[in-house]
Amino acid sequence: MMQLRSTLAGRITLTAVATVILLFLALPIVVIVVTSFSDNAFAAFPPNAWTLHWYASLFADGSKWPAALSLSALVAALSTVFSLIIGVTAATALTRSELPLRSAVYALVLGPLLIPQIVTALGLFLLFEPAAMLGSPLAIALGHTVLASPIAVLILVATLRGIDERLEDAAASMGAGRLTIARRITFPLAAPGMIAAAVFSFITSFDEFYISQFLSSVDTVTLPVQIYNSLTFDIDPSVTAISAILIAFAVLALGLVALVRWLGTGRQDALLSVENTTAIAAPGGEAV
């Protein structure tokens, strides 16, 4: 009985501590969201009255926010494509080939995550400045790829390692070629991981500040740089509104990842059946 009481008390204590920690972590987010509806021109918390004026001002005539938002979306989309190409290629080489010095290569791929971002930004500035590429969305996207691609590699390596290789071996033993195996088995099973890698790559690029600050110009200002400029040179309560929108976007993105992973649960077990595996390829490597 004493052991049961101790266990129950431990669970209650653990739940209380975890709740307090989660509330502490979420408190700044709640403050930003609530402040975005305040009518105070100095973004005071708690608000004295409620308004949607700051959200409306984001898209008013002469506002700089739409241009910054569209540029960040373009750069993040390009960076996501580049990161997925690098991520799929590197993850496949690290998990499906006899790559020499695999651990060293893996550490090198993840190296940008360990280097301070401002150092990486300075290096990219010195690289692109002689090529007259400063201010180019392509240059900013390539710079963001340096930080986003290691995250994609991490997710895709874990995804590919979680795929039962017996499925690929079974299809190969029945004559399926590499492209058929990849198209009918590996990529469908890795789809949740690829979507997660794309989402996190997009968010990483969309929120990146240091590289954008070093590589941007007067005419190409990304959203994080515009937020920094608004907080530095004037007091613009619209910053809280755009911040609340970014928070909502991040929550929706994480919800999408969770939904995709939930929908993908059980697909590998279904393919493990002999009947489904046999239907993947016919002798000669042609898909049925």
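Right above here is the structure, for reference.
Residues numbered from 1 in each chain as written. Predicted model: local features only at pLDDT ≥ 70, side-chain atom pairs only at ≥ 80, totals over all residues. Heavy atoms only, no water.

Visitor: What is the right way to read the environment of Leu122 from this model?
Guide: Its place among the elements puts Leu122 in helix H5 (residues 117-128). For Leu122 and Tyr210, which are 88 residues apart along the polypeptide, the C-alpha to C-alpha distance reads 8.8 Å. (Helix = DSSP H or I, 4+ residues; strand = E, 2+ residues; numbered from the N terminus.)

Visitor: Looking at this structure, how should I read the nonpolar core?
Guide: One broad trend across soluble globular proteins is that nonpolar side chains are buried collectively. Ranked by internal contacts, the top residues of the largest apolar core, which has 26 residues, are Tyr106, Val153 and Val157. Of all elements in the fold, only helix H3 (65-96), helix H6 (137-161), helix H7 (165-173), helix H8 (178-207) and helix H11 (238-264) reach the threshold of two or more residues within this core. A per-element tally of this core places H8 first, with eight residues. Setting aside its immediate chain neighbours within four residues, Tyr106 contacts Leu94, Val153, Leu154 and Val157. Trp65, Leu223, Ile242 and Leu246 belong to the second-largest nonpolar core, a separate cluster that totals 14 residues. (Core = buried A, V, L, I, M, F, W, Y, C linked by side-chain atoms within 4.5 Å. Buried < 20%, exposed > 50% of the residue type's maximum accessible area, 1.4 Å probe, protein only. Contact = heavy atoms within 4.5 Å.)

Visitor: How do you make sense of the environment of Ala158 when you look at a structure like this?
Guide: Of note, Ala158 is situated in helix H6. Accessibility expressed as a relative area gives 52% for Ala158, which makes it exposed. Along the backbone, Ala158 and Ala91 are 67 residues apart, and their C-alpha atoms lie at a distance of 8.6 Å.

Visitor: Teacher, can you tell me more about the side chain of Ser57 here?
Guide: Following the sequence through the fold, Ser57 ends up in helix H2 (residues 53-57). Among the polar contacts listed, one links the side chain of Ser57 to the side chain of Ser238, at a separation of 2.8 Å. Setting aside residues no more than four positions away along its own chain, Ser57 makes contact with Ser63 and Ser238. (Polar contact = N/O pair within 3.5 Å; in protein donor to acceptor, adjacent residues only side chain to side chain.)

Visitor: In this structure, what is going on with empty space enclosed by the protein? I would like to understand it.
Guide: Any empty space left between the atoms is revealed when a probe the size of a water molecule rolls over them. For the structure shown, the criterion picks out one cavity of 30 Å³ or more. The volume enclosed by the largest cavity comes to roughly 50 Å³. Every residue along the wall of the largest cavity is listed here: Val88, Ala91, Thr92, Leu156, Leu160, Phe187, Ala190 and Met194. At the level of elements, H3, H6 and H8 are the ones that each hand at least two residues to the lining of the largest cavity. (1 Å grid on protein atoms, 1.4 Å probe; cavity = no way out; pocket = protein on both sides within 12 Å on 5 of 7 lines; lining within 4 Å. Points joined across faces, edges and corners; volume = space filled by probe spheres on them.)

Visitor: Mind showing me how you'd approach a nonpolar patch on the surface here?
Guide: A cluster of nonpolar side chains, contributed by Val17, Ile21, Leu22, Phe24 and Leu25, occupies part of the molecular surface with about 540 Å² of accessible area. Note on placement: Val17 falls in helix H1 (residues 2-35). Classification of Val17 as partly exposed rests on a relative accessible area of 44%. (Patch = residues over 30% accessible without salt bridge, like charges linked within 9 Å, V, L, I, M, F, W, Y side chains within 5 Å. Areas by Shrake-Rupley, 256 points an atom, 1.4 Å probe, with all protein chains shown as cover. Salt bridge = Lys/Arg side-chain N within 4 Å of Asp/Glu carboxyl O.)

Visitor: How do you make sense of the packing of H5 against H6 when you look at a structure like this?
Guide: Packed helices, taken two at a time, are described by the angle their axes make and the gap between the axes. Two elements in contact, H5 and H6, have axes separated by 11 Å at closest approach and are oriented at 145 degrees. For the pair H5 and H6, the crossing hand works out as right-handed. For the pair H5 and H6, the contacting residues are Gln117, Thr120, Leu124 and Phe128 in the first and Ala139, Leu142, Gly143, Val146 and Leu147 in the second. Of the residues in the contact of H5 with H6, the class split is six nonpolar, three polar and no charged. (Axes fitted to C-alpha atoms, helices over the stretch in contact; angles between N-to-C directions. Left-handed = near helix turned anticlockwise from the far one by under 90°. Nonpolar A, V, L, I, M, F, W, Y, C, P; charged D, E, K, R; others polar.)

Visitor: Looking at this structure, I do not really get the packing of H3 against helix H10 (residues 223-233). What am I missing?
Guide: Where H3 meets H10, the axes come as close as 8 Å, and the angle between the chain directions of the two elements is 145 degrees. Mapping the contact onto sequence places Trp65, Ala68, Leu69 and Ser72 in H3 and Leu223, Pro224, Gln226, Ile227 and Ser230 in H10.

Visitor: Help me out: how do you make sense of the layout of surface pockets in this one?
Guide: In this structure, the largest pocket spans a volume of roughly 470 Å³. Around the largest pocket, the lining comprises 14 residues; the ones closest to its centre are Thr92, Arg96, Glu168, Arg178 and Ile181. In terms of residues, the lining of the largest pocket owes the most to one element, H8, which gives six residues. Across the lining of the largest pocket, the residue classes break down as seven nonpolar, two polar and five charged.

Visitor: When you look at the side chain of Ser243 in this model, what are you seeing that I'm missing?
Guide: Along the chain, Ser243 turns up in helix H11. Residue Ser243 is classed as buried on the basis of its relative accessible area of 18%. Only 2.7 Å separates the side chain of Ser243 from the backbone oxygen of Val239, close enough to count as a polar contact.

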